[in-house]
Amino acid sequence: MASTRRRVKLYTLNEDRQWDDRGTGHVSSSYVERLQGMSIMVRSEEDGSILLESKIQPHTAYQKQQETLIVWSEGDNYDLALSFQEKAGCDEIWEKICQIQGKDPSVTITQDIPEDDDSEERFEEVLDSTGPIELPPCELSKLEEIAELFNSVLPSPIRREKLALAIEQDNYIRKLLDLFHICEDLENLDGLHHLYDIFKSLFFMNKPSLLEIMLADDLVFDVVGCLEYDPSKASPQRHRVFLKESANFKEIIPISNPDLINKIHQTYRVQYIYDVILPPPSIFEDNMLASVNSFILFNRIEIVTHLQEDDKFLADMFLQLTDEDTLEERRKQLALVHHGLLPAMEMLLVSDCEENRLSAVEMFSQVVDISPYLVRDFIMKEGQTQEEDMLINHIIDFMICDGDTGNAFQLSQLIRTMLDPENMALGANKMEKSEFLSFFYKHSMHVMTAPLFAATCDDKPSKDDYVNSVTLGHILELLTFCVEHHTYHIKNYVISKDLLRRVLVLMKSQHKFLVLNSLRFMRRIVGLKDEFYNRYIVKGQLFDPVVTAFKNNGQRYNLLNSAIVELFEFIRVEDIKSLCSHVCSKYTPFFKEVTYVSTFKGILQRDEQELDRKQNRMLERGSLNHGTIHVNSRLRRDVRALDEDEELWFDQEDENGEETVTLDQSDLLNEESSFKNRKTFVNEKTPPSIVNNKRPLVGLVDYPDDEDEDEDESETTSPAKRARLNAS
């Protein structure tokens, strides 16, 4: 049989805006001497005559539609379309067109089309006027032709629609299954192989109406029988035997509704066809089984709805699940539905049976994905009665104890979902964000960070094995998320617990992923550009572990090197003056040695420029004020003080009744090398027009109308100069 890869139909748009079929042939791209360029050529499959010779113009807009259609215009009113039988052939010609026009083959149009151009609407009409598809007679001798036809329509949604309509109208599926029985009785393997291809194509046609026919109770086993004869397998598969004899339906709690039982059986069979029998779709065919997925999903919804409406079923199930006398084996068999789920799941999480705990994790995952606000509401209500034994803390404990398995990662993502402010306030409680976060930081944050504090008691990790490092990695990921999204709550926790210092101890871990997690946590804090955090970092000398790790890494060009360089580059680009001044005053000799990137040289230059600006401003003020030193009343409010909302937050007592731990601001701003002085800060932040001077004068000459300069002037003036001033 001739190759169908480049088999095409040629269409032209007539004066009535309808597409005319100009014939079927095989397309190629080659250099045509007469046209002086690469051209698209179509030769008729009947007599070999040339149906089309079209030079690929560099500025013509070619458009690819529906994966098997290429459409373009030649002249003002001459539109052409090539409809390919196979997607592969369309891709080959499209790549050639894109190559000549210098375009990426991933585009669907090679040139811009004017906004008022109605060509896109015309493209969708291609093949729409070609009439219905005529099905071959349903006979043994026609099975190969039928298989080719069904396979050829898959790339084209329009042709799939027309074929599905023809199949339904002609009751074609039942006729095919009659042929299946004949082929199986005659042991006609060729016919059975063609039937496999036909029914596989029927599933990939993605038509719900066809699925309803094939998956009906009286036809589904015959359809499964057709799919047993895969041509790529040496012998037929025994799927029907498995479904009828091996797969047993076990009713843990009796179901009285016969329709519900039939729906459960059907769902299982369809899931088996999807997971086991049908070949996995390629990336290009991934959406071709969307109808099968939807069929399974809607069946499950219907099953759950029936169960939810059955009060007796739910009462019996959760009564047994929560009964302390229920055997572990029996509890393992009990299913999940709606009411009473969370208390039952909590019991499963503390079970000694590993399977029960894994089942609870899976349940928890589903519930959090669907209704995180219901879980949060349950947790807060539970905390009012049994603070020591809460569901959220069981989840955290399970994540910590599970080590490096996939369950720990899954649980960390679920905890992250519950802590995400983006999905808060979706339920009835509009204050959910503030209430739940306050609750979590009071009752559960210490549980989550306990392994971190235990591992960082000394100046290096006390337990640096792989499993413990993975657990700490999960914890750091969650803490990093909190820094990004929880503002005051996490800020209070970081400062009061000196959390960043403990995290940076992990920079000495032998596991690079944990080192990078620690660095990422600090990078998120620095990225907030919050002066309260910055003062905390400077006061605690918290760049020391980072610089030490950078030195120990040497000049190796790896991820750690790049991440540390990026941290300092961010400080330079964002001009975070307090951090820039601090790192330059402490690490200048080392920074001068790092010359393979310009980052550290840039930081030093920026710090020098800032010092020069300070000196220039001092000189300018001195000349403008005729030697008078003013004390600015703006300094009545210490500029180092917190913003009002932060001060209210950090001054209040936490919910445990303990005083919130805060750092002494005077200590934080004690070092002149670490921060800009108050005079410079004021001059940068406050326009001269709003200066209000009221303090007495301290000047070289007693000018009664002048006012004091910044009280810090005396601190920045040299001793010799102060002596001269006093002498005057």
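Residues numbered from 1 in each chain as written. Predicted model: local features only at pLDDT ≥ 70, side-chain atom pairs only at ≥ 80, totals over all residues. Heavy atoms only, no water.

**Examining the overall build of the protein**
Okay, step 1: Secondary structure assignment for the protein yields 34 helices and 9 strands.
Okay, step 2: Pairs at least 24 residues apart make up 65% of the contacts formed inside the protein by residues separated by at least 6 positions.
Okay, step 3: For the protein, the exposed surface amounts to about 37900 Å²; the carbon and sulfur share of it is 49%. (Helix = DSSP H or I, 4+ residues; strand = E, 2+ residues; numbered from the N terminus. Contact = heavy atoms within 4.5 Å. Areas by Shrake-Rupley, 256 points an atom, 1.4 Å probe, with all protein chains shown as cover.)

**Topic: the packing of helix α24 (residues 512-527) against helix α27 (residues 559-573)**
Okay, step 1: The N-to-C vectors of α24 and α27 enclose an angle of 10 degrees; their axes lie 10 Å apart at closest approach. By the criterion of interaxial angle, the relationship of α24 to α27 is roughly parallel. Taken together, the residues of α27 that come into contact with α24 (itself represented by K512, V515, L516, L519, R523, V526 and G527) are L559, L560, A563, I564, E566, L567, F570 and I571.
Okay, step 2: Split into classes, the residues belonging to the contact of α24 with α27 amount to 11 nonpolar, 1 polar and 3 charged. (Axes fitted to C-alpha atoms, helices over the stretch in contact; angles between N-to-C directions. Parallel < 35°, antiparallel > 145°, perpendicular 65-115°, else oblique. Nonpolar A, V, L, I, M, F, W, Y, C, P; charged D, E, K, R; others polar.)

**Topic: unusual backbone geometry**
Okay, step 1: Positioned with a positive phi, E187 is a non-glycine residue whose angle comes to about 55 degrees.
Okay, step 2: Relative to the helices and strands, E187 is located in the loop between α5 (172-186) and α6 (189-204).

**A closer look at the pattern of salt bridges**
Okay, step 1: Within the structure shown, the criterion is met by 27 salt bridges.
Okay, step 2: R240 is paired through a salt bridge with E184; the nearest N and O atoms lie 2.7 Å apart. Residue R240 is located in helix α9 (residues 239-246), and its partner E184 is located in helix α5; the two are separated by 56 residues in the primary sequence.
Okay, step 3: For R240, a relative accessible area of 18% translates into the label buried.
Okay, step 4: For E477, the salt bridge is made with R520, and the minimal N-O distance between the two is 3.2 Å. Residue E477 is found in helix α21 (residues 466-485), and its partner R520 is found in helix α24; the two are separated by 43 residues along the sequence.
Okay, step 5: Its relative accessible area of 31% is what places R520 among the partly exposed residues. (Salt bridge = Lys/Arg side-chain N within 4 Å of Asp/Glu carboxyl O. Buried < 20%, exposed > 50% of the residue type's maximum accessible area, 1.4 Å probe, protein only.)

**Quick look at the confidence of the model for the protein**
Okay, step 1: Model confidence for the protein is summarised by a mean pLDDT of 76, while 74% of its residues fall at 70 or above.
Okay, step 2: Mean pLDDT per element in the protein: strand β9 (residues 698-699) is the minimum at 36, and helix α23 (residues 499-505) is the maximum at 94.
Okay, step 3: In this model residues 114-129 is a low-confidence stretch, pLDDT under 50, and it forms 29 contacts with partners more than four residues away in sequence or in other chains.
Okay, step 4: Confidence over residues 626-645 falls short of pLDDT 50; this stretch has 61 contacts with residues more than four positions distant or in other chains. (pLDDT = per-residue confidence, 0-100.)

**Quick look at the sheet that holds strand β7 (residues 79-84)**
Okay, step 1: Read from one edge to the other, the open sheet built from 7 strands follows the order β4-β3-β2-β1-β7-β6-β5, with strand pairing classed as antiparallel. Of all strands in the sheet, those bounded by a partner on one side alone are β4 (50-55) and β5 (63-65). Each strand axis lies, on average, 30 degrees off the axis of its neighbour in the sheet, ignoring direction.
Okay, step 2: By the bridge criterion, 7 bridges tie strand β1 (residues 7-13) to strand β2 (residues 19-32) in an arrangement that is antiparallel. When the bridges of β2 are listed, R7 appears paired with H26.
Okay, step 3: The sheet strands contacting helix α1 (residues 87-101) are β2, β3 (37-44), β5, β6 (69-73) and β7, and the helix crosses β6 at an angle near 40 degrees. (Pairing = 2+ DSSP bridges.)

**Some remarks on the environment of G554**
Okay, step 1: With respect to the helices, strands and loops of the structure, G554 is situated in the loop between α26 (544-553) and α27.
Okay, step 2: Given the relative accessible area of 30%, G554 is considered partly exposed.

**A few points about the pairing of β6**
Okay, step 1: In terms of burial, β6 is largely enclosed, as 4 of its 5 residues are buried.
Okay, step 2: As paired elements, β5 and β6 share 3 bridges and run antiparallel to each other. If you follow Q65 over to β6, its bridge partner there is L69.
Okay, step 3: Between the antiparallel neighbours β5 and β6 lie 3 residues, among them Q66 with a positive phi of about 55 degrees.
Okay, step 4: Relative to β7, β6 is paired through 5 bridges, and the arrangement is antiparallel. Its bridge partner being in β7, L69 is matched across the sheet by S83.

**Details of the packing of aromatic side chains**
Okay, step 1: Inspection of every chain in the model, using the stated rule, returns 17 aromatic pairs.
Okay, step 2: Between Y62 and W72, the aromatic rings sit 5.5 Å apart at their centres with planes inclined by 35 degrees, giving tilted as the arrangement. Of the two residues, Y62 is situated in the loop between β4 and β5 and W72 in strand β6; the sequence distance between them amounts to 10 residues.
Okay, step 3: Here W72 falls in the buried class, since its relative accessible area comes to 0%.
Okay, step 4: Arranged with centres 6.4 Å apart and planes meeting at 50 degrees, the rings of F590 and F591 form a pair that is tilted.
Okay, step 5: Pairwise contacts between aromatic rings join F543, F550, F568, Y587, F590, F591 and F600 into one cluster.
Okay, step 6: Seen from the ring of F436, R376 lies directly overhead, with NZ or CZ sitting 6.0 Å from the centre.
Okay, step 7: In this structure, K491 packs its charged tip against the face of Y533, placed 5.9 Å from the ring centre. (Phe/Tyr/Trp six-rings, centres within 6.5 Å; stacked < 30°, edge-to-face > 60°. Lys NZ or Arg CZ within 6 Å of the ring centre and 35° of its normal.)

**Overview of α9**
Okay, step 1: Turning to α9, its buried residues number three or more, namely H239, R240 and L243. On an axial view of α9, the arc spanned by its buried residues comes to 105 degrees, and they lie on one face.
Okay, step 2: Packing partners of the buried residues in α9 comprise α5, α8 (220-226) and α10 (258-277). (Arc of directions from axis to C-beta.)

**Remarks on the nonpolar core**
Okay, step 1: Ranked by size, the top nonpolar core spans 95 residues in total, and within it L500, I537, F543 and F568 carry the most contacts.
Okay, step 2: When residues of this core are assigned to domains, at least three fall in each of domain 3 (340-528) and domain 4 (542-619).
Okay, step 3: Core analysis: the second largest hydrophobic core is formed by 52 residues, A164, L192, L202 and L243 among them. (Core = buried A, V, L, I, M, F, W, Y, C linked by side-chain atoms within 4.5 Å. Domains from an automatic or database assignment.)

**Some points on helix α16 (residues 372-383)**
Okay, step 1: Across its 12 residues, α16 extends 17 Å between first and last C-alpha, which sits within 8% of the 16 Å expected from 1.5 Å per residue.
Okay, step 2: Of the residues making up α16, those classed as buried are P372, V375, R376, F378, I379, M380, E382 and G383. (Expected span 1.5 Å × (residues − 1).)

**A closer look at the environment of L514**
Okay, step 1: Among the secondary structure elements, L514 is positioned in helix α24.
Okay, step 2: With 45 residues separating them along the chain, L514 and S469 place their C-alpha atoms 6.4 Å apart.
Okay, step 3: Beyond its immediate stretch of four places on either side in the chain, L514 contacts S469, L472, G473, L476, L506 and S509.

**Some remarks on the pairing of β2**
Okay, step 1: Relative to β3, β2 is paired through 8 bridges, and the arrangement is antiparallel. Note that in β3 the partner of S29 across the bridge is I40.

**A look at the side chain of N534**
Okay, step 1: Along the chain, N534 falls in helix α25 (residues 531-539).
Okay, step 2: Classification of N534 by relative accessible area gives buried; the value is 0%.
Okay, step 3: When sequence neighbours within four positions are dropped, the list of residues in contact with N534 reads K529, I576, S578 and L579.

**Structural notes on a nonpolar patch on the surface**
Okay, step 1: On the surface, a cluster of nonpolar side chains totalling about 260 Å² of accessible area is made up of L140, I182 and L186.
Okay, step 2: Looking at the secondary structure, you find L140 in the loop between α2 (119-123) and α3 (143-152). (Patch = residues over 30% accessible without salt bridge, like charges linked within 9 Å, V, L, I, M, F, W, Y side chains within 5 Å.)

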